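# Fold and contact review
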Amino acid sequence: MRSLAWKSVLPLTVVVIMAAAVVGYAAEESDMTGNVATHKSFGKSGESGEAPQDQDPAATAPADDGNAYTPRRTEQNARVGAVFEKDDSGDHFCTASVVQSPGRNMLITAAHCAYDADAGSTVNDLVFAPDYRDGDEPTGLWKVKKVIVDDRWAKSQDEDLDVAFLILDKKDGKQIQDVLGGNTLGIDRGFDNEVKITGYPTSRDTPISCQNRTTKYSDTQMRIQCTDFEGGTSGSPWLADYDPKSHTGTVIGVLGGHEGGGDQDDVSYAAYFDDDVAVLYRRAQDMD
């Protein structure tokens, strides 16, 4: 299984708009205060393996469908980042991304990245490092102040509800969407879509990306073949229809769901975004 998994069953390990605001690039709710949870391995959240070979970010073109590559530093990729606990002194264990919201401060990731099933509570002291590379954080660390998951995920870790929205504090007086922009959320987009997935394997300090078409695994789960999506990639956004003119794409899934995203590095899953995810998204906006 992928992502930085919590060492018990922490359900596996987030995006929306306003390109004009982009700067510097071509269920259960809880305030983030209290005791810090201990990460446990589940799915693709935080177990590392062999990293794919880096390519020169200045010269990298998208690899063949299904093959991971090191993406360039672009405004699109800058909306994806590594998730740490408390600060960046430890390992990053999941991936999240910016989605548009009225509050302009929202991420999307996998629920198992942000909810501790053993403790029965959201994970405290999460921080987000967008566009993280080799310790460099162009816009710094952003503190998560609230986690929203479906109540049914909290009770039973239903793999079809492995989605979480994270609300961030301001940084230097700005919301994250004011700095990086955000992608839209896609509901009921069907099971056959060309997507780009970007995530942060725990074994490396640069992201990987992959393009391929999604397929239907079940009525509630999508599947994709992409190499090297190992531990740490839980929560990676499945981005469709990126428009370079508007600087936005549509997140139609996040790596997670079945088997916490999958127990093979080269095959990944995502819960299908249906009305349940739309309701959760509206709830997250109301909690902002």
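Everything below is about the structure shown above.
The written sequence of each chain sets the order in which its residues are numbered from 1. Where totals are concerned, whole chains, interfaces and linings use all residues; where local detail is concerned, this predicted model gives features only for residues with pLDDT of at least 70, and gives and counts side-chain atom pairs only at 80 or more. Excluded from the side-chain calculations are hydrogens and water; all other atoms, namely the structure's heavy atoms, are used.

Put simply, a nonpolar core is a bunch of buried Ala, Val, Leu, Ile, Met, Phe, Trp, Tyr and Cys residues held in one set by side-chain atoms that sit within 4.5 Å of each other. Exposure categories follow from relative accessible area, calculated using a 1.4 Å probe and restricted to protein chains: below 20% of the type maximum is buried, above 50% is exposed, and the middle band is partly exposed. By size, the foremost hydrophobic cluster in this structure holds 28 residues, and its most contacted members are Val83, Leu107, Leu126, Phe128, Val149, Leu168 and Ile176. Helix numbering and strand numbering both begin at the N terminus, where a helix is a DSSP run of H or I of at least 4 residues and a strand a DSSP run of E of at least 2. Looking at this core, the elements with two or more residues in it are strand S3 (94-99), helix H1 (111-114), strand S7 (126-130), strand S8 (142-149), helix H2 (151-156), strand S9 (164-168) and helix H3 (176-180). Top contributing element to this core by residue count: S8, with 4 residues.

Expected helix span is computed as 1.5 Å times (number of residues minus one). When the terminal C-alpha atoms of helix H4 (residues 275-287) are compared, their 18 Å separation across 13 residues agrees well with the 18 Å that a helix rising 1.5 Å per residue should span. If you check which residues of H4 are buried, you get Val277, Ala278, Leu280, Tyr281 and Ala284. Projected down its long axis, H4 shows its buried positions confined to an angular sector of 160°, all on one face. In H4, the exposed residues that point more than 90 degrees away from the buried face are Asp275 and Asp286. In this description, contact between two residues means that some pair of their heavy atoms is separated by no more than 4.5 Å. Buried residues belonging to H4 abut strand S4 (106-109), S8, S9 and strand S10 (184-185). The N-terminus of H4 is capped by aspartate 274, whose side-chain oxygen sits 3.1 Å from the backbone nitrogen of aspartate 276. Directions drawn from the helix axis to the C-beta atoms are what define this arc. We define a polar contact as two N or O atoms separated by no more than 3.5 Å, with the added condition that, inside protein, one atom must be a possible hydrogen donor and the other a possible acceptor, whereas residues neighbouring each other in sequence contribute only through side-chain atom pairs.

Within a sheet, neighbouring strands are paired by backbone hydrogen bonds and run either parallel or antiparallel to one another. Read across the open sheet, the 5 strands follow the order S10-S16-S15-S11-S12; overall the sheet is mixed. Sheet topology places S10 and strand S12 (208-213) at the edges, where each strand pairs with a single neighbour. The pairing criterion is simple: DSSP has to find at least two bridges between the two strands.

Let us now look at the pairing of strand S13 (residues 215-218). Looking at chain direction, S13 and strand S14 (residues 221-225) are connected through 3 bridges and run antiparallel. Across the sheet, residue threonine 215 finds its bridge partner in S14, namely arginine 223. If you look at the hairpin formed by S13 and S14, you'll find 2 residues sitting between the two strands.

What follows deals with the sheet that holds strand S17 (residues 267-271). The 3 strands lie next to each other as S13-S14-S17, forming an open sheet whose pairing is antiparallel. The sheet terminates laterally at S13 and S17, the two strands that pair on one side only. Sheet twist, expressed as the mean angle between neighbouring strand axes with direction ignored, is 35°. Bridge count for S14 against S17 is 5 bridges, and the pairing is antiparallel. What sits directly across from arginine 223, in S17, is tyrosine 269. In this analysis an axis means a line fitted to C-alpha atoms, helices contributing only their contacting stretch, and an angle means the value between N-to-C directions, from 0 to 180 degrees.

One can find glycine 66 in the loop between strand S1 (28-31) and strand S2 (80-85). Look past the residues within four positions of glycine 66 in its chain and what remains in contact with it is Cys210, Gln211, Asn212, Gln225, Cys226 and Thr227.

The next thing to look at is the pattern of salt bridges. By convention in these notes, a salt bridge is any Lys or Arg side-chain nitrogen within 4 Å of a carboxyl oxygen on Asp or Glu. Within this structure, the stated rule accounts for 13 salt bridges. Arginine 73 is paired through a salt bridge with aspartate 136; the nearest N and O atoms lie 3.1 Å apart. Residue arginine 73 is located in the loop between S1 and S2, and its partner aspartate 136 is located in the loop between S7 and S8; the two are separated by 63 residues in the primary sequence. When its relative accessible area of 36% is taken as the criterion, arginine 73 is described as partly exposed. Since its relative accessible area comes to 37%, aspartate 136 is described here as partly exposed. Measuring nitrogen to oxygen at the nearest pair gives 3.8 Å for the salt bridge that ties arginine 79 to glutamate 75. The class of arginine 79 is buried, set by a relative accessible area of 0%. Among the residues examined, glutamate 75 registers a relative accessible area of 5% and is labelled buried. Salt bridges linked by common partners bring Arg73, Asp131, Arg133 and Asp136 together as one network.

Within the secondary structure, asparagine 183 sits in the loop between H3 and S10. Take asparagine 183: its relative accessible area is 4%, and that puts it in the buried class.

The aromatic pairing rule takes the rings of Phe, Tyr and Trp, using the six-membered ring of Trp, and pairs them if the centres are within 6.5 Å, calling planes under 30 degrees apart stacked, those over 60 edge-to-face and the rest tilted. Applying the stated criterion across every chain, the model contains 4 aromatic pairs. Aromatic pair phenylalanine 165 and tyrosine 281: ring centres 5.4 Å apart, planes at 40°, arrangement tilted. Note that phenylalanine 165 is positioned in strand S9 and tyrosine 281 in helix H4, a separation of 116 residues in sequence. Given a relative accessible area of 0%, phenylalanine 165 falls into the buried group. For tyrosine 281, a relative accessible area of 15% translates into the label buried. Taking NZ or CZ as reference, lysine 216 lies 5.1 Å from the ring centre of phenylalanine 191, over its face. For a lysine, the NZ atom is tested; for an arginine, the CZ atom; a charge sits over a ring if that atom is within 6 Å of the ring centre and within 35 degrees of the ring normal.

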